[in-house]
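Read off the chains here:
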There are 2 protein chains.
Amino acid sequence: MSNLKDLFNPRGIAVIGASRDPTKIGHIILKNIVEYGYRRGIYPVNPSVSDVMGLKTYPAVSTISDKVDVVIVSIPNTKVPEAIDDAGKAGVKHAVVIASGFKEIGNVDLENEVVRRARRHGMRVLGPNIFGYVYTPVRLNATFGPRDVIPGNVAFITQSGALGIALMGSTILEGIGISAIVSVGNKSDIDDADLLEFFDEDPNTSVVLIYMEGVSDGRRFVNVASKISMKKPVIVIKSGRTEAGARAAASHTGSLAGNVALYESAFKQSGVISTKSVEEAFDFVKTLSWNPLPPGDRVVVITNGGGAGVQASDTLADDGIYLEKPPQDFVEEVRKILPPFASLANPVDLTGMAPEDWYYRSVKSALQNSGIDAVLVLYCHTALTSPVGVARAVAGAVDEVGVRKPISVAIIGGLEAYEAIKHLTNLKIPAYPTPERAAHALAAQLKYRKYREYLIKKEQIAS
Amino acid sequence: MSNLKDLFNPRGIAVIGASRDPTKIGHIILKNIVEYGYRRGIYPVNPSVSDVMGLKTYPAVSTISDKVDVVIVSIPNTKVPEAIDDAGKAGVKHAVVIASGFKEIGNVDLENEVVRRARRHGMRVLGPNIFGYVYTPVRLNATFGPRDVIPGNVAFITQSGALGIALMGSTILEGIGISAIVSVGNKSDIDDADLLEFFDEDPNTSVVLIYMEGVSDGRRFVNVASKISMKKPVIVIKSGRTEAGARAAASHTGSLAGNVALYESAFKQSGVISTKSVEEAFDFVKTLSWNPLPPGDRVVVITNGGGAGVQASDTLADDGIYLEKPPQDFVEEVRKILPPFASLANPVDLTGMAPEDWYYRSVKSALQNSGIDAVLVLYCHTALTSPVGVARAVAGAVDEVGVRKPISVAIIGGLEAYEAIKHLTNLKIPAYPTPERAAHALAAQLKYRKYREYLIKKEQIAS
């Protein structure tokens, strides 16, 4: 087990800078910890008041007699080194430094001093300049971001603060279940590789999403990422992909986003799934975290609109996935329900007159067929059917077949389509508003499967 | 004026196959025409009943004594030629053939027969195999798609039926205002070029969106598209962009989607904006239809999250738009409102502590500055501000400055961010859930501006 075990499973957590003022970060974090339901010791530290939110406060961490593994540090930057010393002496193992005003504004010395003092006590530092962290298996939300994070199997590491908090909110809107969210900020000590080592072993995490501007130790990142990628997909939003973007990143974090080509090559080597936008990354997270991995890449596309089928075929081809003729037994089963002029190639065109039952029967048949590895369902809202009805039909087929197979659904239309998408994502069935996004997200899974096999073979040859 | 004038401004419209049965297409279309508010003559044609929806029916078009310019034909395929003859004799100018069962299922002869008979009477044919058409300036919705299309300045031509109807619904959800929607189906006679000629002259249309699987006369399309592109942007979703997609399209419509590279080159030549997905196309429609064209491409990015700024910089660079240092007078004005550590490069980083007022003042200042051509506003939902508050601040600045400048906004977060986006799009301010989509949509406008200038210069040299 990685040495970050106690960060994510602390026996006690202290909030240095806990405040009664509801506009203070030290207040919001404490409130989130309490209200999200953390069950072990919570210790506000504030020398000027006796209690905060009904909890007894302590003047310093060293005055807490119970075991404290983590301190959240939300005080002015210049006071941080002293707080670290006090916590270190008290045997604290991890300092989560929320405070800003370090390397990101040029205060390199102050940041180095914090790390030096922490190391002296064998303490690890997360941050500084972060919004905190979340670990849902122990109901810990030590952030000043949104509180009601949905528990699940996705770990999200973010180098950006404001964007990270905003995306935390997006996970709730999109129904994405979270195991952990970690704001890494200046990465003075704990970095992406350390966290990947932890998530590699973490049974609660099956997908890792990283928003990264740069890493300092590229070789170590590649090593660790290659290892975890054989077990779990790692999706990276690499900010500063272009020279222009890298310059913007440099002015933002003070860290050089580095040679663009170098990162691309590092991601390729390590099997990391590189994405260009937060939407693409979130779309991939849904298929990769909600679907099982398929044994192959034989996709069947089921649609009620030829146009949607063509758009999906184009997107899949862009991703190197080519549609083949569906298995004969599947074709024969579907032929029974369809009008004679329906196209039984791939995409299977149920025609614009397809009622909900045709979706139910054809999707069920595809899920049951051993010659099909994954199913892409496209539905254009027409006058004849209701989007939620089709969503229910698809969900019913998935439910009845029991053994899950990768599936991705597009529901195209207006407000009712939007509601049907919600219905499916609540059931953890990946659903999107356009055929291209549904196809691209499914392709990400098929591509990861292939790459994973390649990594495993490479490893076998090497050992 | 193009010869399609009477199609879009008919003195009277007859529905052949008007039905009392609410599940019939001939019923839904008549209902849409009546309820969307068409004010001129509406004539149901049905020999077996005396009235439909309180309107007197006629046994044939030739028995209507008032002027009828358009017939909507929603009867079985084999009966269409006869109906065309009757309408032609009665002086009808346009037949809108909803009926399917023609070339798309191999009935080429029947389709040719329809066109031959129509031509004999000087009649033009839209379709067959379509869902109808809309022209909002005369409140005409002769489709079996959604009724409450939002009037506006975007014309949408679609070769796909089910996808087209679904996207009609999407325009309502996305707040996109429509001048016309035209389902072209098999394009037996009226095609994209004919429609572009009409929309070129149409004062109610300022952007054209085409979902296209293929055109038969490529040269004419390039000529007409080049001409209109000098005035109005034409956005194309070319389905069957890839060889695999083209094959899927061939099995769907029976029309060959054609050589992939040929289309790309035709679009380049004619200044058409080619998109890969319906989402991209819709995103572009918003900036191109709601914003004025800028005089240049000097963009300023205003953000409260460095990460969002970097993502936007990357996207803009992908699109060939490079951020330059903002004008000095703008920098000095913004410096007054910001903390000393804020970055006054481009992106301008208001920092995570930016309240709504900083957005108001910096956006207003950018809109007023003659050294800035377009403004990209990025907002990450943090604990300190409300997304709707920021949306109001941005809208307030736009409103106060009066003269519109191209603007594009990203609001990143959860449900409140979604609502803030709605707030802005209701005011026709382009707004998106991610920095990349907001940046890409603004870039589409800047690229179109450049290309338009090139086309105009080319034309001047040639003449």
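What you see is a predicted model; the values in this text were computed from it and never measured.

## Remarks on the interface of chain A and chain B
Here's step 1: Opposite the 61 residues of chain A that make contact, chain B presents 61 residues.
Here's step 2: Together chain A and chain B conceal approximately 4100 Å² of surface at their shared face, both sides included; 64% is due to carbon and sulfur atoms.
Here's step 3: Taken as a group, Val 310, Gln 311 and Asp 314 of chain A account for 12% of the area that chain A buries against chain B, more than any other trio of residues on that side.
Here's step 4: The closest approach of N and O atoms between Asp 318 of chain A and Arg 241 of chain B, which form a salt bridge, is 2.7 Å.
Here's step 5: Our enumeration of links across chain A and chain B arrives at 18 residue pairs in polar contact (both at pLDDT 80 or more).
Here's step 6: Within the residue set of the side of chain A that touches chain B, elements represented by two or more residues are α5 (162–174), β13 (234–238), α8 (243–253), α10 (278–290), α11 (306–318), α15 (415–426) and α16 (435–462) of chain A.
Here's step 7: The greatest single-element share of the side of chain A that touches chain B, amounting to ten residues, is contributed by α11 of chain A.

## Some details on empty space enclosed by the protein
Here's step 1: Across all of its chains, the model carries three cavities of 30 Å³ or more by this definition.
Here's step 2: By volume, the largest cavity is sized at about 970 Å³.
Here's step 3: Classifying every residue of the lining of the largest cavity by side-chain character gives 24 nonpolar, ten polar and twelve charged.

## Things to note about the packing of aromatic side chains
Here's step 1: For the structure on display, the rule yields 23 aromatic pairs over all chains.
Here's step 2: Plain terms: the ring middles of Phe 8 of chain B and Tyr 133 of chain B are 5.9 Å apart, the flat faces sit at 75° to each other, and that makes the pair edge-to-face. Separated by 125 residues along the polypeptide, Phe 8 of chain B in helix α1 (residues 5–8) and Tyr 133 of chain B in strand β8 (residues 132–135) bring together distant segments of the chain.
Here's step 3: Phe 8 of chain B gets classed as buried once you look at its relative accessible area, which sits at 0%.
Here's step 4: By the ring-pair criterion, three or more aromatic residues cluster together here, those being Phe 8, Tyr 133, Tyr 135, Phe 198 and Phe 199 of chain A.
Here's step 5: Lying over the aromatic face of Tyr 36 of chain A, Arg 139 of chain A brings its terminal NZ or CZ to 3.9 Å of the ring centre.
Here's step 6: Note that Lys 238 of chain B overlies the ring of Tyr 263 of chain B, its terminal NZ or CZ placed 4.3 Å from the centroid.

## Thoughts on the domain arrangement of chain A
Residue and element names in this part refer to chain A.
Here's step 1: Along its sequence, chain A is carved into domain 1 (5–287) and domain 2 (293–450).
Here's step 2: Using C-alpha coordinates to define each centre, domain 1 is positioned 38 Å away from domain 2.
Here's step 3: Of the residues lining the interface, 14 residues belong to domain 1; the matching set on domain 2 comes to 13 residues.
Here's step 4: Taking both partners together, domain 1 and domain 2 bury about 1200 Å²; carbon and sulfur atoms supply 52% of that area.
Here's step 5: For domain 1, the biggest contributors to the area lost against domain 2 are Asp 283, Phe 284 and Thr 287; these three give 43% of the whole.
Here's step 6: In this assembly, domain 1 and domain 2 are joined by two salt bridges.
Here's step 7: At the junction of domain 1 with domain 2, the criterion picks out eight residue pairs in polar contact (both at pLDDT 80 or more).
Here's step 8: Residue assignment for the side of domain 1 that touches domain 2 shows that the elements contributing at least two residues are α5 and α10.
Here's step 9: For the side of domain 1 that touches domain 2, the element with the most residues is α10, which contributes six residues.
Here's step 10: Its residues assigned to classes, the side of domain 1 that touches domain 2 shows five nonpolar, two polar and seven charged.

Each value, and the rule that gives it
- Residues numbered from 1 in each chain as written.
- Chains lettered and ligands numbered in written order.
- Predicted model: local features only at pLDDT ≥ 70, side-chain atom pairs only at ≥ 80, totals over all residues.
- Heavy atoms only, no water.
- Contact = heavy atoms within 4.5 Å.
- Buried area = accessible area lost by both parts, 1.4 Å probe.
- Salt bridge = Lys/Arg side-chain N within 4 Å of Asp/Glu carboxyl O.
- Polar contact = N/O pair within 3.5 Å; in protein donor to acceptor, adjacent residues only side chain to side chain.
- Helix = DSSP H or I, 4+ residues; strand = E, 2+ residues; numbered from the N terminus.
- 1 Å grid on protein atoms, 1.4 Å probe; cavity = no way out; pocket = protein on both sides within 12 Å on 5 of 7 lines; lining within 4 Å.
- Points joined across faces, edges and corners; volume = space filled by probe spheres on them.
- Nonpolar A, V, L, I, M, F, W, Y, C, P; charged D, E, K, R; others polar.
- Phe/Tyr/Trp six-rings, centres within 6.5 Å; stacked < 30°, edge-to-face > 60°.
- Buried < 20%, exposed > 50% of the residue type's maximum accessible area, 1.4 Å probe, protein only.
- Lys NZ or Arg CZ within 6 Å of the ring centre and 35° of its normal.
- Domains from an automatic or database assignment.

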